[in-house]
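Understanding the architecture of this molecule
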Amino acid sequence: MADHAILAGKRVLLVIAGGIAAYKSLELIRRLRERGVTVRAVLTEAGARFVTPLSVQALTEDTVYRDLWSLTDESEMGHIRLSREADLLVVAPATANLLARMAAGMADDLAATVLLATDKPVLVAPAMNVRMWQHAATQANMTLLESRGVLRVGPNDGVMACNEFGPGRMAEPMEIVDAIAGFFAEAAHRPLAGRRAIVTSGPTHEPIDPVRYIANRSSGRQGHAIAAALAKLGAAVTLVSGPTRLPDPAGCRVTHIETAREMLAACEAALPADIAVCAAAVADWRVDGAGDRKLKKDGGGPPALALTENPDILATLSRPGERRPALVVGFAAETGDVLAYATAKRARKGCDWIVANDVSPGTGTFGGSDNTVHLIRADGMESWPTMAKDAVAARLAEAVAEHFTKDFKAK
Ligand code: CTP
């Protein structure tokens, strides 16, 4: 269970939408208030069919905000002020309809308007029938909202009011309290605030002609996860990404590129930075003289492609100089003798750390969701257990944060 002490004095704006689970939101208000949280509530029209405004008002000991057009509410408390005076917006229950309106950016009632106008973090607790939750539309809306940084707790599996079983039940009030405490704990832990980071991710595409290109199987998962993890610790992150199927991670500035030369230019444009993490699988070579005319089968057999070397982005960023980031981290994908090759690579590229991994067929690393890595620094090597790429990213970001805190203390 998360430490609830952090909740004292926090301000939550609770949006109660129209679902049977709304009754649990009354309990949620009580549990939050017991922990010193000020709760202000917005009740949708449908929400008011499930819980009475009077109950919400009694429990929050505040006005219940319901109507976008109510002159009194708008003069006493505009929707902008409602969100300005909150540290976190919590939507519980978050119905399929409200999630859809949030995803579409609609502002057709007070709840949707507040959620569109806010610059505060938003946590949703979805609650709906299992088929509504599993519907492609709801799933797409949720994925989109999460890619924009919306946080989620639940839904849980269980028997629902409609007597069906499956995911769709709103998280229990105490689980929501835990998620809120977890959010505030994380928000307080921002050791990289004020630091700038560049992260490269994904493959590069090197044109052969206007329709064909050379590429590789990198999914970008590890690099994107690192960008998100650094941002979560407070860094201002520029993610320079080759073509991937991944959504842009929340909280990062993303530059989309195709070729190695474009990647280098985007990285250089993002300087100065304190941290650079080169996780991209950059093509080592490009086709020399790839032009804007499609290669034709002219009966003379396959064309001879002349390759020329691409710039090495990691080595370029590692080069000593005023603009060199204080910490440059590279990756080494090896298929045997991992540590020896990776250690040599660290020296050759001139970077500070190397994250080495075995990408031999069968390890599932390339394109997979897990990674087994070794962190090689000047003063030694650590082997990490196999973890999800998100967990590797979180641990690497913590190591980066520790490096800067240590450095700072030493000064
Ligand atoms: N890298 C880069 N620019 C390149 C090539 C690689 O920035 N043109 C970076 C990668 O992002 C990674 C590291 O360098 O951080 C990998 O080095 P590389 O020499 O490409 O190693 P491998 O891909 O492991 O290949 P090889 O063992 O053949 O050197």
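Predicted model, so just to flag it, every value in this text is computed and none were measured. (Residues numbered from 1 in each chain as written. Predicted model: local features only at pLDDT ≥ 70, side-chain atom pairs only at ≥ 80, totals over all residues. Heavy atoms only, no water.)

It is worth spelling out the packing of helix α1 (residues 22-34) against helix α2 (residues 53-60) at this point. Running from N to C, α1 and α2 point in directions that differ by 5 degrees, and their axes come no closer than 9 Å. Regarding the angle of α1 to α2, the classification is roughly parallel. The segment α1 lies against α2, with L26, I29, R30 and R33 engaging S55, V56, L59 and T60. Within the contact of α1 with α2, the residues separate by chemical class into four nonpolar, two polar and two charged. (Axes fitted to C-alpha atoms, helices over the stretch in contact; angles between N-to-C directions. Helix = DSSP H or I, 4+ residues; strand = E, 2+ residues; numbered from the N terminus. Parallel < 35°, antiparallel > 145°, perpendicular 65-115°, else oblique. Contact = heavy atoms within 4.5 Å. Nonpolar A, V, L, I, M, F, W, Y, C, P; charged D, E, K, R; others polar.)

Right, let's talk about the pairing of strand β9 (residues 196-201) for a bit. The buried fraction of β9 is high, at five of six residues. Where β9 meets strand β12 (residues 236-241), six bridges bridge the pair, whose relative direction is parallel. From the neighbouring strand, A197 faces β12, where its bridge partner is V237. Sheet topology note: the β9/strand β14 (residues 275-278) ladder contains four bridges and is parallel. The residue of β14 that forms the bridge with I198 is A276. (Buried < 20%, exposed > 50% of the residue type's maximum accessible area, 1.4 Å probe, protein only. Pairing = 2+ DSSP bridges.)

A few words on the site of the ligand. Near the ligand there are 15 residues, and of these C278, A280, L314, F331 and K345 occur at the shortest range. Contacts to the ligand include F331, whose backbone N or O atom sits 2.8 Å from an oxygen atom. In this structure, an oxygen atom belonging to the ligand sits 2.9 Å away from a side-chain N or O atom of K349. Secondary-structure elements contributing two or more residues to the shell around the ligand are α12 (313-318), β17 (327-334) and α13 (338-349). It is β17 that provides the largest number of residues to the shell around the ligand, a total of four residues. Residue composition of the shell around the ligand, by class: eight nonpolar, one polar and six charged. (Near = heavy atom within 4 Å. Polar contact = N/O pair within 3.5 Å; in protein donor to acceptor, adjacent residues only side chain to side chain.)

Looking now at the side chain of T113. With respect to the helices and strands, the residue T113 is situated in helix α6 (residues 110-117). There is a polar contact of 3.4 Å between the side chain of T113 and the backbone oxygen of A107. Those residues in contact with T113, other than ones at most four positions away along the chain, are L68, H79, M106, A107 and D108.

This part is about the domain arrangement of the chain. Entries for the chain in the domain assignment read domain 1 (4-188) and domain 2 (196-410). Centre-to-centre, using C-alpha coordinates, domain 1 lies 39 Å away from domain 2. Contact residues are listed per partner, giving five residues for domain 1 and five residues for domain 2. Summed over both sides, the interface of domain 1 with domain 2 buries roughly 280 Å², with 60% coming from carbon and sulfur. Linking domain 1 with domain 2 are one salt bridge. Between K232 and E186 there is a salt bridge whose closest N-O contact spans 3.6 Å. (Domains from an automatic or database assignment. Buried area = accessible area lost by both parts, 1.4 Å probe. Salt bridge = Lys/Arg side-chain N within 4 Å of Asp/Glu carboxyl O.)

The sheet built from eight strands is open, its strands ordered β13-β12-β9-β14-β17-β18-β20-β21 with mixed pairing. Unpaired on one side and paired on the other, β13 (252-256) and β21 (380-383) mark the two borders of the sheet. Each adjacent strand pair in this sheet contributes to an overall mean axis angle of 15 degrees, direction not counted. Along the sheet, helix α11 (residues 260-270) makes contact with β9, β12 and β13, crossing β9 at roughly 170 degrees.

This brings us to the packing of helix α5 (residues 96-104) against helix α8 (residues 136-147). Between α5 and α8, the shortest axis-to-axis distance is 9 Å and the interhelical angle comes to 50 degrees. As far as their axial angle goes, α8 and α5 are oblique. For the pair α5 and α8, the sense of crossing is left-handed. Contact residues: α5 offers A96, L99, A100, M102 and A103, while α8 offers T138, N141, M142, L144 and L145. In terms of residue class, the contact of α5 with α8 is built from eight nonpolar, two polar and no charged. (Left-handed = near helix turned anticlockwise from the far one by under 90°.)

Here we come to the sheet that holds strand β5 (residues 122-126). With parallel pairing, the six strands of this open sheet are ordered in space as β3-β2-β1-β4-β5-β6. At either end of the open sheet lies a strand with only one pairing partner, and these are β3 (64-65) and β6 (151-152). Across two bridges, strand β2 (residues 38-43) lies against β3 in parallel orientation. Pairing of A41 across the sheet is with V64, part of β3. Sheet contacts for α5: β1 (11-16), β4 (88-94) and β5; angle to β5, the most-contacted strand, approximately 145 degrees.

Across the eight residues of α6, six count as buried, placing the element largely inside the fold. Looking only at α6, the buried set comprises L110, A111, A112, T113, V114 and L115. Two to three positions downstream of the cap, the backbone nitrogen of A111 sits 3.3 Å from a side-chain oxygen, assigning the N-cap of α6 to D109.

Ranked by internal contacts, the top residues of the largest apolar core, which has 34 residues, are L192, L230, V237 and V277. Among the elements of the structure, β9, α10 (221-232), β12, β14, β17, β18 (353-358), β20 (373-377) and α14 (389-410) are those that each provide at least two residues to this core. Residue contributions to this core peak at eight residues, all from α14. What L192 contacts, discounting residues up to four positions off in sequence, is L230, L233, G234, A235, I275, A397, V400, A401 and F404. (Core = buried A, V, L, I, M, F, W, Y, C linked by side-chain atoms within 4.5 Å.)

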